[in-house]
Amino acid sequence: MSIVLGIESSCDETGIAIVRNGVEVIANEVASQIDIHREFGGVVPEIASRQHTTIISQLTEKVLAEAGIRIKDIDGIAATQGPGLMGALLVGLCFGKALAYAWKKPFVPVHHIEGHLFSVFLGEARPEFPLLALVVSGGHTQLIHWEAPHQYTILGATRDDAVGESFDKVARLLNLPYPGGPSIQRAAEGGNPEAFDFPRAMMGRNTLDFSYSGLKTAVLYALQAGDLCVADVAASFQHAAVDALVRKTQQALDQTGLSRLALAGGVAANRLLRDRLMAECNATVYLPPFKYCIDNGAMIAAAACSRLDLGLTGDLSTVANPNLPFTSLA
Ligand code: KG4
Ligand code: ZN
């Protein structure tokens, strides 16, 4: 039972939150940099770090004021250790370690993917273990056998682009604004998802891995061939991207015999994906609330509450790691 202040700064969102017992968000603030990076069509790492530096103190003060909580009641400080952009990670991690040192609290480093996974506990229905998790973000596409709170076996992952990355790249091909996921979802409304038969890679093979670079290339070739209706291309792309996720997820459920499914990561905000997993997968589906799908501090605090309760803390020698591997019980 613990109250944790969580910090997320691995990419282009500065997220600060205070969470009680891993399930109750007392205060949560996310400062998005989308408007700053939009003119470049994607995240500019150096600008991202500077922006985190500019905002992180005042955002933390805002969260503390909103929470109406005394510092002495906070049990631990958590921050994303990796993976992510090195400069961006450093800002949040160093800030978190400084708070932990100044306030004499345990410091809990958290893997970004573990944070996304724990966002499912911020919803109304909370899953029990074991479960299958589908993590879909701008950097990851993974099927994970989630055996216990910090015990994971990766069953499948993308061999090239992550699914969120493919949304972002295809949006750019269609001249839709960054970030691509929400833009494609909007553009697809009213489009015909059957207008183009884009490929679903790795289907019918004896693997739970994904591949998304061929789908992006197929969209590129279709666009080069003629003047196309953007809504139809967006809808057909989204249909193919989601179809591959739903089919592989069902394959993983069949293989493992698991009956609970958790969805997490930025692409978990996708309506079609949420609806289709719930309608078509043979499992009870646990979804994070929309606002905890994209990067935020609450998911980091939630994962850290569990770590703190189990004594899995780090210390002030923890270093940021842009390529931090995802392992059990680190
Ligand atoms: O988890 P996240 O905020 O950052 C990473 O850890 O990467 O995920 C960001 C990704 C981006 O690729 C963005 O385009 C995608 O999530 N995304 C979506 C939607 N909202 C965000 N993809 C599809 N549909 C959405 N509604
Ligand atoms: Zn993320």
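Residues numbered from 1 in each chain as written. Chains lettered and ligands numbered in written order. Predicted model: local features only at pLDDT ≥ 70, side-chain atom pairs only at ≥ 80, totals over all residues. Heavy atoms only, no water.

(A) Geometry of the nonpolar core. Of all hydrophobic cores here, the largest spans 46 residues; its most connected members are F198, F237 and L273. Taken together, the elements giving at least two residues each to this core come down to β6 (131-136), α5 (163-173), α6 (180-188), α7 (213-225), α8 (230-256), β9 (260-264) and α9 (271-280). Among the elements that make up this core, the one with the highest residue count is α8 (12 residues). In contact with L273, other than residues within four places in its own chain, are V136, V242, L245, V246, L263 and V267. By size, the runner-up hydrophobic cluster in this structure holds 30 residues, among which are A17, L122, V135 and A301. (Core = buried A, V, L, I, M, F, W, Y, C linked by side-chain atoms within 4.5 Å. Buried < 20%, exposed > 50% of the residue type's maximum accessible area, 1.4 Å probe, protein only. Helix = DSSP H or I, 4+ residues; strand = E, 2+ residues; numbered from the N terminus. Contact = heavy atoms within 4.5 Å.)

(B) View of the coordination of the zinc ion (ligand 2). Looking at the zinc ion (ligand 2), one finds its protein donor set to be H112 (NE2), H116 (NE2) and D295 (OD), positioned 2.0 to 2.1 Å from the metal centre. The sequence pattern formed by the donor residues of the zinc ion (ligand 2) is H-x3-H-x178-D. Linking H116 in helix α4 (residues 112-118) with D295 in the loop between β10 (284-286) and α10 (297-309), this pair joins segments that are 179 residues apart in sequence. Overall, H116 belongs to the buried group, its relative accessible area being 0%. (Donors = N, O, S within 2.8 Å, 3.2 Å for Na, K, Ca; no water.)

(C) Seen up close, the sheet that holds β6. Pairing is mixed in the open sheet, where five strands are placed in the order β8-β7-β6-β9-β10. In this open sheet, the two strands that pair with only one neighbour each are β8 (151-157) and β10. Averaged over all neighbouring strand pairs, the angle between strand axes comes to 25 degrees, with direction disregarded. For β9 and β10, the ladder comprises three bridges, and the chain directions are parallel. In the strand pairing of β10, R260 is matched with T284. Helix-sheet contacts for α9 involve β6, β9 and β10, and the interaxial angle to β9 is about 175 degrees. (Pairing = 2+ DSSP bridges. Axes fitted to C-alpha atoms, helices over the stretch in contact; angles between N-to-C directions.)

(D) Here's a closer look at the site of ligand 1. Of all residues adjacent to ligand 1, which total 18 residues, the nearest are H116, G138, D168, G181 and D295. Contact distances for ligand 1 include 2.7 Å between an oxygen atom and a side-chain N or O atom of D168. Take G181: an N or O atom from its main chain is 2.9 Å from an oxygen atom of ligand 1. Within the complex, the protein chains bury 89% of what would otherwise be the 550 Å² of accessible surface of ligand 1. Residue assignment for the shell around ligand 1 shows that the elements contributing at least two residues are α4, α5 and α6. For the shell around ligand 1, the leading source of residues is α6, giving four residues. Residue composition of the shell around ligand 1, grouped by class: five nonpolar, 11 polar and two charged. Residue assignment places the shell around ligand 1 across two domains, with domain 1 (3-118 + 292-309) and domain 2 (130-287) each supplying three or more. (Near = heavy atom within 4 Å. Polar contact = N/O pair within 3.5 Å; in protein donor to acceptor, adjacent residues only side chain to side chain. Areas by Shrake-Rupley, 256 points an atom, 1.4 Å probe, with all protein chains shown as cover. Nonpolar A, V, L, I, M, F, W, Y, C, P; charged D, E, K, R; others polar. Domains from an automatic or database assignment.)

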